[in-house]
Each structure stands twice: as C-alpha cells, then as structure tokens.
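# Commentary on secondary and tertiary structure
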Amino acid sequence: MTPASTLSAAAAPRRPIRELPDELVSQIAAGEVVERPASVVRELVDNALDAGATQVTVRLLAGGVRLISVEDDGQGIPREELAIALRRHATSKIASLRDLEAVGTMGFRGEALAAINSIADMSLLSRAEGSDLAAHAWLLDGRTGELTPAARTRGTTVEVRELFYATPARRKFLKTDATELAHCIEAVRRHALVRPDVGFAIWHEGKLVEQWRACTGETAHEQRLADVLGSELLGQSIAVDYSAGSVRVTGRAGIPDAARSRADQQFAYVNGRYVRDKVLTHAARSAYEDVLHGHRQPVYALYVTMDPARVDVNVHPTKIEVRFRDSREVHQAVRHAVENALAAPRAAAAVLAAASGASADNFESNRPPALSPWAQPAINFGAPQPFRQNPQVSDFEAMWPATAYPAGADNPRAAGLPADPTGPEDAGAVNQDLPPGDWPLGRAVAQLQGIYILAENTQGLVIVDMHAAHERIVYERLKNQMDSASIASQPLLIPATFAATPQEVAASEAHVDTLKALGLEITPFSPRTLAVRAVPTSLAQGDAVELARSVLAELAQHDASTVIQRAQNELLSTMACHGAVRANRKLTIDEMNGLLRQMEATDRSDQCNHGRPTWRQVTIKELDSLFLRGR
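What comes next concerns the included structure. The residue numbering used here restarts from 1 in each chain and proceeds along that chain's sequence as written. Restriction of local features to residues with pLDDT of at least 70 applies here, the model being predicted, together with a cutoff of 80 or more for giving and counting side-chain atom pairs; totals for whole chains, interfaces and linings are based on all residues. Values reported for side chains reflect all heavy atoms of the structure, with hydrogen atoms and water molecules removed beforehand.

## Structural notes on the packing of aromatic side chains
The criterion, for reference: Two aromatic rings, drawn from Phe, Tyr or Trp (for Trp, its six-membered ring), form a pair once their centres lie within 6.5 Å of each other, and the interplanar angle then sorts them: stacked below 30 degrees, edge-to-face above 60, tilted otherwise. Note on exposure labels: buried denotes an accessible area under 20% of the residue type's maximum, exposed denotes more than 50%, and partly exposed covers the range between, all computed with a 1.4 Å probe on protein chains only.
Taken as a whole and judged by the stated rule, the model has three aromatic pairs. A ring pair is formed by tyrosine 269 and tyrosine 274, whose centres lie 5.7 Å apart and whose planes are at 70°; its orientation type is edge-to-face. Each member of the pair, tyrosine 269 as well as tyrosine 274, carries the same accessibility label: buried. Among the aromatic side chains, those forming a connected cluster through ring pairs are Phe267, Tyr269, Tyr274 and Tyr303.

Written out as structure tokens, the structure reads:
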C-alpha cells in the first residue's frame, strides 16, 4: 500500500478556494505558451512580421537559454504603449469578437509577452514609425517597469535573458545547447519558407549560423524554397497551384523519388501560419498513396489560402493547430492539388530539363499536346490500327495496342512509329526509323533477362521495368473505367460478429450507403455487437472482421468519398498486378516501343501501383564515368 493511499478522503485537509496571484497566473500561462527557447523565438518573430518587418535578426546565447534577442525594422511601439505591451491579454491584433473570428495576423492572443516576462528577464527597445528623427527610442525594463530613453532606428528589439530562471524545474527539462539551437533555427526556418519578402538572420554566440536574404519577383517563393531546403530538393519537386471554391492551394510537392524515411520535410501553412493539422497531413499523404513505396514520407511545402472566417486558429495556446469550418472542403482541395501535380508523366520534362540544364519544375504540370521536339501521337485505346500487311499480334498487343498513330498519318514513319518490325532481330531497322530525339523515353533497343526494356534517347540509356510500367498503365485504365461504380459484393454464409465500440456502431449506422458502395454489409447484432454479412468479392477469403474494423475506423475519421476511392483503388491495384505483363515474357521491339509510348501518355506512369519507380535514366556522362572516358 502506498503512503498516499493510506490517507482517507476524510483525513485530507480542506484547502480554501482563493484567487491566484497574477505572477503565478502568468507562470501557468507560460507553461502553455513557452515549452523551450524555440517557443519564445516563434512568438517574437510572429510579432515582428505583424509589425511589417522586412528584416528580422535573431541573436542567441547558449541555444537561447541565456539570451534571445529578436530585432526587426517594423512599425515599432509608441512610448505610451510599451508598458501596456507586457500586461496579460494586451494586444493590438484584436479588439472584438468579430476580429477573433477572422484572425488575419500571426500573433493575437495577448499572452506571449506577459508569459515570457514572468519566467525570464525581459526588455523592450522600440522606436515607433513616424517619430521625429531627433526623438529617442525607449527602453522598457520588464522587471522594474522603468522606461528610459535610448538610441535606435525604427523598429523593435526584444531581449529575453535567463529563460526559466523563475521556474528552475522547467529549465531542467531543456536539452543541450546544440539541440535547443536546432529547434530555434527550425522555428525561424518555418517563417522564412512562407515570407520570401522578409530577410532573416540567425546569430549564435556571435557567429552567423543562418541567413536568408529577401526575395522579390514572381519566382520569390521558388528562390526562398531553394535557399532554405536546397536547390536539389527544389529540382525534385513539382509546382502546385489549385483552386476549389474559396480554397486555393499553392506550393511544391516532392516527386516520389525525393521521399524520405522521416516526415521532417513536410511544411503546411494556412493563411501564412505554419500548422500541424491532421486534415492537411492526411490529405497530402493520401495524394501519394498510388506513387509512394512502403512507409516513405513525402516532401512538400503547401500553402493553403482561404477566408479567415472559415478557419479557427484559436484552438491551441501555441497556435500551431487549427480547426476548419468545412474540413472536407479543405481535405479535397489539398488532395486534388497534389494529385494533379503528380499525375502528369515527368519523362518529357525531365529529358528537356536535362538538355537545357534546367529543373523539371519549369514545365507545365499538364503536358501540352506537342512539346517540340517531343511530338506525341494520339494514343488510341480502341482496336489496333495495323500499319503492315501481316502484323504479329500477341495478347499484349491486343490489350494495349502499340500501333496507334494520329488519324490521317500516311505511314508509320509520319507518326514516329517503328516501321515493319518483326522481332528483336530487326532492331537495327527500327533504330534507323525512330531517331532517339523523337520520344522522351526513347526507342527500344533490347530486352534484358525478360525483365527490363533498354531504350535509347538523347540523354543516353533508359531502363524500364516492363511489369511495373505495364501494371501502372493497366491500373490507370481500370480506374478510368471504374468511375463511380460500386464494388461487387459476396454474402457470407455465416455472418462474422464482433464486439464493437460506440464509435464503430455510430459509423456503421451513419455510413450505410458508403459501406454498400464498398461491397460491405454491416448491421447491428446487438447494442454492442456488429455483424458483417457481406464483403467485397475480391476479398472473400480475407478476415471480414479486420476489414470491417479498418473501414469503420477510416469512416469515423475521414470523408466517406475518400474512403470509397481508397478501397476501390486497392482492389483495382490487385487486379492490375495480375493483369500486367509478367517477367520473362519476350516482347517484340514493336511491343516495347508501344509500352514506352503509353507510359509517356499515362498519368503517374513514373511509379507502379506500389510506389516503385518504373524507369531510370542513365546519362552519357554517367556511362562515360563508368569507363573512365575523358580521364
């Protein structure tokens, strides 16, 4: 028996209800707002940006524990308002409930400065905009409240010394100086990514550790992304620009090859505010479902712009979480924005970018009908149009005709197609009729071990995993054919019952039509038991209870249409995998070229259904290095 348990409720002394001292109230508030030095940096930079700063300088000592100084060139604070700035719930950002319901500033709660002042030595030095050139700035001591004249240009400097000196127990939970410095840099970096018009500098122990200069012009955001995240990552991402109703989504979405093992390069902003929101995270992740392999994490920087009245930013003391009035609208907008950006095949853009020395993001995400010199023929998914007297038609050709060419073309050469190939032995003739510059993925030259297609283009060698590539082509066509059709269902001979949680019971009752569209029939068996009476035909041999639980969990958290689409896609992916051409299947040059052409015209053809790459480019320069040419 523990000592605490020996005290009965009757023996516990009664404590009177009393009002807490203001200092203790502020320290409790500080516990919510200030977790570590980076929390102070974030709040002070928020205020600097709200003041219209164009340059923000952060100076730190001991990772921010001994000193945090944030200097800006913003509007400044008038002398008569300096003392008020350190009071609890004092702010210039909001004045009424209407302002609170449509917050358009970074800081607004009026707690940060007072909370920080309660646990650290703090001072404010500010010179207001429009003051006489001969006037002094004013320095406010947060401890004594003394106001003294000082010299400064327009703007504000806030100094915070000896963080947590008044609450030493909190200081024990801080990490090493290097760790705290890294968190402070990350806090500034998040601001820098969304405000390219503002310059940022971070000094630590008197040394400049990070600096991002202000950018202007149409490419300001791209330049800032390259400065902060690296030009390599920028080159491995695609521009996002999508609008749906009152929601607009812009930014960059990393290609699947740029995915990482950790989710440390995912930045989401709502009206300029960095947030960690489940709706946005799930929407972005779901857009990568068809193209990302395993548990890899996508890379992105997405900026959501919407009516401030439709998003509540006053749900967390640190303002890092938000609540949307219509989360479905935002989820759909983000998902479609990223999906559309990732959909277009990147072969043409990648080859052209390599030829011009530019990054692939300089090209439109929706490839135009003709990109000189990569003129694309129309892909005909109907019956094959033979262009030779006695074509060799395999089941592969019958399913996916490799011989389609634009209507009105006099001969296959006019359409850029190989002329009269009869097999791999005719590769020489095919190569003469199909110059490597005619196609982004080049011309087929050989098949390796019945697995890979080798093709030649202007940049060098293209290697294609024929099963993965064909699997994606089949999958995308099945999705187009499926549209909104329901999934076939198979009744169970003996219903599978399971003990359900109240959330599962509620989801089963609220989404009867959705479950039916998924091929599931789940009905109440008792107040706390559900019965699975039918499952999708393709999953009849699986665990019905586990399937039902997973679907109900998804429906409880996410939009029903999203769940339906995901379930349909999983079934179609399985069908496509079984319907795609298999390894060790010998293909003719005609069939290989047909597959390459279809890849160039198929959405998301750079990855298979499981997220594995379908093709790789090996440049002449890389081949030269293998054989030490030019050394």
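## Considering the sheet that holds strand β21 (residues 489-499)
Stated precisely, the cut-off is as follows: Strands are treated as partners if at least two bridges between them are detected by DSSP. Numbered from the N terminus, helices here are DSSP runs of H or I no shorter than four residues, and strands are runs of E no shorter than two. Where helices are involved, their axes are fitted lines through C-alpha atoms of the stretch in contact, as for all axes, and angles between N-to-C directions lie from 0 to 180°. By definition, residues are in contact when any of their heavy atoms lie within 4.5 Å.
Spatially, β21-β23-β22 is the arrangement adopted by the three strands of the open sheet, whose pairing is antiparallel. Two strands in the sheet have a free side with no partner beyond their single neighbour: β21 and β22 (521-526). Taking each pair of neighbouring strands and ignoring which way they run, the sheet shows an average axis angle of 25°. With seven bridges connecting them, β21 and strand β23 (residues 529-536) associate as antiparallel partners. Within the sheet, the bridge partner assigned to phenylalanine 498 lies in β23 and is leucine 530. Along the sheet, helix α16 (residues 502-510) makes contact with β21, β22 and β23, crossing β23 at roughly 50°. Contacts from helix α18 (residues 544-557) reach β21, β22 and β23, with the element oriented near 80° to β21.

## A closer look at the pairing of β22
If a strand is regular, its side chains alternate between the two faces of the sheet. In this structure, β22 lies alongside β23, joined through five bridges in antiparallel fashion. Following the sheet pairing, isoleucine 522 is matched in β23 by valine 532.

## Some points on a nonpolar patch on the surface
Convention followed: The patches reported here contain residues having more than 30% relative accessible area and no salt bridge. Joining distances are 9 Å for like charges and 5 Å for nonpolar side chains (Val, Leu, Ile, Met, Phe, Trp, Tyr). To measure how exposed things are, a 1.4 Å probe is used in the Shrake-Rupley method; for residues, cover is taken only from the protein chains shown. In what follows, salt bridge is the name for a side-chain nitrogen of Lys or Arg lying within 4 Å of a carboxyl oxygen of Asp or Glu.
A surface patch of nonpolar side chains, amounting to about 240 Å² of accessible area, comprises Leu20, Leu24 and Ile28. Inspection of the secondary structure assignment puts leucine 24 in helix α1 (residues 22-33). The exposure class assigned to leucine 24 is partly exposed, which follows from its relative accessible area of 34%.

## Some thoughts on the nonpolar core
Spelled out, the test is: Among buried residues, the Ala, Val, Leu, Ile, Met, Phe, Trp, Tyr and Cys ones that are joined through side-chain atoms within 4.5 Å form a nonpolar core.
Counting residues in hydrophobic clusters, the biggest one holds 56 residues, and the most contacted among them are Val41, Leu44, Val56, Val160 and Phe200. Core analysis: the second largest hydrophobic core is formed by 34 residues, Val240, Val249, Ala287 and Tyr300 among them.

## Comments concerning the pairing of strand β20 (residues 460-465)
Summarising the sheet, strand β19 (residues 452-457) and β20 pair through six bridges and their orientation is antiparallel. Across the sheet, the residue bridging to isoleucine 453 is valine 464, located in β20. Connecting the antiparallel pair β19 and β20 is a turn made up of two residues. Of the strand pairs in this sheet, β20 and strand β24 (residues 615-619) are connected by five bridges, and their pairing is antiparallel. The residue bridging valine 464 from the neighbouring strand is tryptophan 615, located in β24.

## Side note on the sheet that holds strand β10 (residues 247-254)
Within a sheet, adjacent strands bond to each other through the backbone by hydrogen bonds, running parallel or antiparallel. What the five strands build is an open sheet, ordered β9-β10-β13-β11-β12; its pairing is mixed. Bordering the open sheet on either side are β9 (237-244) and β12 (273-274), each of which pairs with just one other strand. Across the sheet, helix α8 (residues 220-229) touches β10, β11 (266-270) and β13 (300-305), and the angle it forms with β13 is around 140°. Relative to β9, helix α11 (residues 327-343) is tilted by about 140°, and along the sheet it contacts β9, β10 and β13.

## Some details on the pattern of salt bridges
By the definition in use, this model includes 19 salt bridges. Note that arginine 189 and glutamate 186 form a salt bridge whose closest N and O atoms lie 2.8 Å from each other. Highlighted residues: arginine 189 and glutamate 186, both in helix α7 (residues 177-194), separated by three residues, approximately one helical turn. Using a relative accessible area of 15% as the deciding quantity, one classes arginine 189 as buried. A salt bridge links aspartate 312 to arginine 323; its shortest N-O distance comes to 3.5 Å. Of this pair, aspartate 312 sits in strand β14 (residues 311-312) while arginine 323 sits in strand β15 (residues 323-324), placing them 11 residues apart in sequence. Shared partners join several salt bridges into a network, and the residues in it are Glu186, Arg189 and Arg190.

The values reported here are purely geometric and, on their own, carry no functional implication.
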